[in-house]
Amino acid sequence: MKCEFSDGLQVDYSDSLRVTMGSEVNVFVDHDYIPANIKEYLNTASEHNSCDELRKVAEAVTNTVGRHACFCDMDSHACDDWK
């Protein structure tokens, strides 16, 4: 599920989670690193097809891990292009 908001926030949850907003926010969390409770909220938002719910989860994640973070298995190279 991918949502784009008028303030520039973009949230993409398709197994892994990516949250971006220009150069202000860049968060990537590989599916294996998403805590179970957050994954549950993400799946619920997807089931409801609710961008509002997805935004709330994305804001909770960025408030917890910061506005610039990348969590992935180093072997996956998913964070190679992360800045």
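Think of each chain on its own: its residues are numbered from 1, step by step along the sequence as written. Totals for whole chains, interfaces and linings use every residue, but because this is a predicted model, local features are given only for residues with pLDDT of at least 70 and side-chain atom pairs only at 80 or more, for both listing and counting. With hydrogens and water set aside, each side-chain value is computed from the structure's full complement of heavy atoms.

Time to look at the pattern of salt bridges. Put simply, a salt bridge is a Lys or Arg side-chain nitrogen that is within 4 Å of an Asp or Glu carboxyl oxygen. This model, assessed by the stated rule, comprises three salt bridges. In this structure, the salt-bridge partner of Asp7 is Arg55, at a minimum N-O distance of 2.5 Å. Taken as a pair, Asp7 in the loop between strand 1 (2-4) and strand 2 (10-14) and Arg55 in helix 2 (residues 51-65) lie far apart in primary sequence, 48 residues in all. Of the charged contacts, one joins Arg55 and Glu59 as a salt bridge, the two residues approaching to 2.9 Å between their closest N and O atoms. In this pair, Arg55 and Glu59 both sit in helix 2, four residues apart, roughly one turn of the helix. In DSSP terms, a helix is any run of H or I states spanning at least four residues, a strand is any run of E spanning at least two, and both are numbered starting from the N terminus.

Looking at the element boundaries, Ser16 is found in strand 3 (residues 16-21). Assessed through its relative accessible area of 14%, Ser16 is described here as buried. Working rule for contacts: check all heavy atoms of both residues, and any pair within 4.5 Å makes them a contact. Residues within four places of Ser16 in sequence aside, it is in contact with Phe28, Val29, Asp30, His31 and Ile34. Partly exposed describes any residue whose relative accessible area lies between the buried limit of under 20% and the exposed limit of over 50%, with all areas from a 1.4 Å probe on protein chains only and scaled to the type maximum.

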